[in-house]
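Chain residues, written in single-letter form:
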Amino acid sequence: MNQSDKIIGIDLGTTNSVLAVIQDGLPVLLPVNGERLLPSVVGIAPSGEVVVGTPARNQWVVAPERTVRSIKRKMGKAETVGMAGQTYTPQEISAFILKDMREAAQAVLGGDVRRAVITVPAYFNETQRQATLEAGEIAGLMVERIINEPTASALAYGYGLAGDQHLKVLVYDLGGGTFDVSIIELHSGVVDVLATAGDNLLGGDDFDERLAAMLADEFAEEHDIDLRQHHQAWARLLRAAEEAKIELSSAPFAEIKLEYILTRDRKGYPLHIQREVERSEFEELIADLLGRTITLVRKALEDAKLRPNDIERVLLVGGSTRIPAVWELIVAQMGQEPHIEIDPDAAVALGAAVQAGIIAGEEIDAILVDVTPYSLGIETAQVGYGGRLYADLFTPLVRRNTTVPVQKSQMFTTIVPGQEQIRINVYQGENPTASQNVLLGDFMIEGLKPNRADGLSEVTVNFQLDVNGILDVTVVERQSGKRVSEQLKASRQRLSPDDIARSQAKLAAAYTEMEADETFDPGVAALLDRARKTLEQPDLSAGLADDIAGAVANIRHAVAEEDDAQVEAYCDELIDLLMEVEG
Ligand code: AMP
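Residues numbered from 1 in each chain as written. Predicted model: local features only at pLDDT ≥ 70, side-chain atom pairs only at ≥ 80, totals over all residues. Heavy atoms only, no water.

Q: Explain the sheet that holds strand β23 (residues 422-428) to me, please; I cannot follow it from the model alone.
A: Note on sheets: strands pair through backbone hydrogen bonds, and any given pair is parallel or antiparallel. Taken in spatial order, the 4 strands line up as β20-β19-β23-β24 in an open sheet, and their pairing is antiparallel. What marks the edges here is a single partner per strand, and that holds for β20 (389-398) and β24 (438-445). Ignoring strand direction, the axes of neighbouring strands in this sheet form an average angle of 35°. Inspection of the sheet shows strand β19 (residues 376-383) paired to β23 by 3 bridges, in the antiparallel sense. Along β23, the bridge assignment pairs Gly 377 with Tyr 427. (Pairing = 2+ DSSP bridges. Helix = DSSP H or I, 4+ residues; strand = E, 2+ residues; numbered from the N terminus. Axes fitted to C-alpha atoms, helices over the stretch in contact; angles between N-to-C directions.)

Okay, structure coming up:
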């Protein structure tokens, strides 16, 4: 196969992103910037350089205002984020990550790479999927297919590849920012998603936050200072909480030790945190969050009309499934041991590569059938008994968990004789009250020519939902057969080619822009620069990175306070730390 036809598989995660391709018929991971799991963090270094991955993650602790993480949570929203004084859309921030992945693939495969399969949580709506496509486009990648993460995991396990298999699989995917559960049926080489449920605001980040909040509360009690109000201190606390959480997956205790968490209290003393956390204490902190995942597992089973013992395989995906309590809850709920043969961090990307290989026509054999996670429909009104008008009703055309692609049509009648226009409001959701759902788009149909005896007109509304979960709506007037509406892209905020070009230029500019550093004495500036370079080393231990970041924060603080003695003391501390790294 020509390398430029190669399609890459990308797990664009909240916490980490992972790149995979098919090589010699097998899915393999390709490191990006030297990392198997590329932290999904983007930053602009003080030198003006764009940094992605661990360097950005380290920078976030000292300079959150120049760094963006967990952008996936904002995908599809109209919000922008600030980074080093510039504002960026979520698509643009994601594009920085995708650009590095594309370049890493090009370096290994040795050609131009322009095509990708990207995974999204099954629970992503049309708008979020559309934003993912746009992020790819900005990064110069044509997104051939967007597939659901749990479906990708099943593909990674090879389920669906053997023609004679007939299996029901439950995929429990708990990552850094999102939770998904899917029930998949595999038969005759087809992967069929029977049901999905999830919460795209629930994951490991929340566990970190619970633990950090507990420490912040204790700190507030003791010192009457809320660490949440101090950007850098809170960032360090979150980072330490995550490290402790990970340690608690394999040990019954973890120690959180943060020296100089704040440089001084009101009397001018440095303050520290030192606290031992027990596994059981942590489990209690997150018990309700884990309970929510189990409720969603039950909901998916119900939707699929299955009982736990109808499920033949349970797959655990996502870094947070390493928490022992997750395992225990799944065993209790499902009555069976889950499978974890494939690294839970890698399964989704490997599955994306399998799907990419299928599209590129490589020697892999499976067909993918997906479902829509939401019902899609329009707002309607009805005249009830006694002529009373019931408005704001939600009439779904495509029901939740319908296999895609799908096309559905339904006829509607106007309400008032002689009515010449209709507003079509397209919603997604499950609430019978239309306005309680998410409005995907609205448009007017004008110039209707009522020609029924009762003065009403009839229109047919047609929904077409493609495999990427993107919806097209068309409306046709029944009597004349005339198409009275333009096609409506239900996904909001569709970027125009001009928008994409502008974003591409903005990204290009970000790579060249250099910015003057703050007003530091040249010696201090050089030292901070050395620290920055050290923080960019991917193999730097998290503990040292944290100490260096802490020293840098203290120096900046002391400079701001014009406390020369403190500046000198912290510079000495930083020099010692840097010597430790540099040997
Ligand atoms: P993912 O989005 O699948 O890359 O998962 C990332 C999340 O998994 C982050 O919140 C990590 O802190 C978390 N994680 C990674 N390893 C572990 C572990 N051993 N125990 C608990 N959580 C972990």
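Let's pick the thread back up.
Q: For this particular structure, what's the right way to read empty space enclosed by the protein?
A: If a probe as big as a water molecule is rolled over the atoms, it shows which places are left empty. All chains considered together, the criterion is met by 6 cavities of 30 Å³ or more. Reported here for the largest cavity is a volume of approximately 90 Å³. If you trace the largest cavity, you find it lined by Thr 14, Thr 15, Pro 39, Ser 40, Val 41, Arg 57, Arg 69, Ser 70, Asp 205, Asp 208 and Glu 242. A breakdown of the residues in the lining of the largest cavity according to their chemical character gives 2 nonpolar, 4 polar and 5 charged. Domain assignment of the residues forming the lining of the largest cavity places at least three in each of domain 1 (3-157 + 344-360) and domain 2 (204-285). For the second largest cavity, the calculated volume is near 70 Å³. Around the second largest cavity, the lining residues are Leu 12, Gly 13, Ser 40, Ile 71, Lys 72, Met 75, Ser 94, Ile 97, Thr 119, Val 120, Phe 124 and Thr 132. Counting residues per element, the ones that place at least two in the lining of the second largest cavity are α2 (90-109) and β10 (115-120). Each residue belonging to the lining of the second largest cavity can be placed in one class, and the counts come to 6 nonpolar, 5 polar and 1 charged. (1 Å grid on protein atoms, 1.4 Å probe; cavity = no way out; pocket = protein on both sides within 12 Å on 5 of 7 lines; lining within 4 Å. Points joined across faces, edges and corners; volume = space filled by probe spheres on them. Nonpolar A, V, L, I, M, F, W, Y, C, P; charged D, E, K, R; others polar. Domains from an automatic or database assignment.)

Q: Even after reading the chapter, I still don't get the site of the ligand, so can you show me in this structure?
A: Among the 14 residues in the neighbourhood of the ligand, the closest are listed as Gly 176, Glu 242, Lys 245, Ser 249 and Gly 319. Backbone polar atom of Gly 176 to an oxygen atom of the ligand: 3.0 Å apart, as the coordinates give it. Across the complex, the protein chains shield 87% of the 500 Å² of accessible surface that the ligand would expose by itself. Its atoms largely coinciding with the cavity grid, the ligand occupies the largest pocket. Considering each element in turn, the shell around the ligand owes the most residues, 3 residues, to helix α6 (residues 231-248). (Near = heavy atom within 4 Å. Polar contact = N/O pair within 3.5 Å; in protein donor to acceptor, adjacent residues only side chain to side chain. Areas by Shrake-Rupley, 256 points an atom, 1.4 Å probe, with all protein chains shown as cover. Sits in = over half its atoms within 2 Å of the grid points.)

Q: It is not clear to me how the nonpolar core should be interpreted in this structure. Could you clarify?
A: The tendency in soluble globular proteins is for nonpolar side chains to be buried side by side. Leu 170, Tyr 172, Leu 227, Leu 237, Ile 256, Ile 548 and Leu 574 are the most contacted members of the largest nonpolar core, which has 80 residues in total. Ignoring sequence-local partners within four residues, the contact set of Leu 574 consists of Leu 527, Leu 528, Ala 531, Ile 548, Ala 551, Val 552 and Ile 555. One finds Val 32, Met 83, Phe 96 and Leu 141 within the second-largest nonpolar core, a separate group that totals 45 residues. (Core = buried A, V, L, I, M, F, W, Y, C linked by side-chain atoms within 4.5 Å. Buried < 20%, exposed > 50% of the residue type's maximum accessible area, 1.4 Å probe, protein only. Contact = heavy atoms within 4.5 Å.)

Q: Can you help me understand the sheet that holds strand β6 (residues 50-52) in this one?
A: With respect to topology, 3 strands assemble into an open sheet ordered β6-β5-β7, the strand pairing being antiparallel. Looking at strand neighbours, the two that pair on one side only are β6 and β7 (67-69), the edges of this open sheet. Neighbour-to-neighbour, the strand axes of this sheet turn through a mean angle of 15°, independent of strand direction. Two elements, strand β5 (residues 41-44) and β6, share 3 bridges in a ladder whose sense is antiparallel. Across the sheet, residue Gly 43 finds its bridge partner in β6, namely Val 51. Against the sheet, α2 makes contact with β5, β6 and β7, and its axis sits at roughly 75° relative to β6, the strand it touches most.

Q: What is the right way to read α2 from this model?
A: A rise of 1.5 Å per residue sets the reference length of α2, with its 20 residues, at 28 Å; its end C-alpha atoms lie 28 Å apart and thus fit the reference within 8%. Counting buried positions along α2 yields 15 of 20 residues, so the element is predominantly enclosed. Residue Gly 110 follows α2 closely and has a positive phi angle near 70°. (Expected span 1.5 Å × (residues − 1).)

Q: Just to check I follow, could you spell out a nonpolar patch on the surface for this structure?
A: Taken together, the side chains of Val 383, Leu 389, Ile 415 and Val 416 present a nonpolar region at the surface, about 320 Å² in accessible area. The class for Ile 415 is partly exposed, based on a relative accessible area of 31%. (Patch = residues over 30% accessible without salt bridge, like charges linked within 9 Å, V, L, I, M, F, W, Y side chains within 5 Å. Salt bridge = Lys/Arg side-chain N within 4 Å of Asp/Glu carboxyl O.)

Q: Sorry, what's going on with the environment of Glu 477 here?
A: Within the element layout of this structure, Glu 477 appears in strand β26 (residues 471-477). Remark: the alpha-carbon pair of Glu 477 and Met 579, spanning 102 residues in sequence, is separated by 77 Å. A polar contact is formed between the side chain of Glu 477 and the backbone nitrogen of Lys 449, at a distance of 3.2 Å.

Q: What exactly am I supposed to notice about the layout of surface pockets here?
A: A volume near 920 Å³ is recorded for the largest pocket. Taken together, 41 residues make up the lining of the largest pocket; nearest its centre are Thr 15, Asn 16, Leu 37, Glu 242 and Asp 345. Of all the secondary structure elements, the ones that give two or more residues to the lining of the largest pocket are β2 (16-23), α1 (54-62), α5 (204-223), α6 and α12 (542-560). Considered class by class, the residues forming the lining of the largest pocket number 12 nonpolar, 15 polar and 14 charged. Of the volumes computed, that of the second largest pocket is approximately 610 Å³. Contributing to the lining of the second largest pocket are 24 residues, with Trp 60, Arg 69, Ser 70, Lys 74 and Leu 238 lying nearest its centre. Among the elements of the structure, α1, β7, β8 (81-83), α5 and α6 are those that each provide at least two residues to the lining of the second largest pocket. Broken down by element, the lining of the second largest pocket gets its largest block of residues, 6 residues, from α6. Residue composition of the lining of the second largest pocket, grouped by class: 9 nonpolar, 4 polar and 11 charged. A domain-level breakdown of the lining of the second largest pocket finds at least three residues from each of domain 1 (3-157 + 344-360) and domain 2 (204-285).

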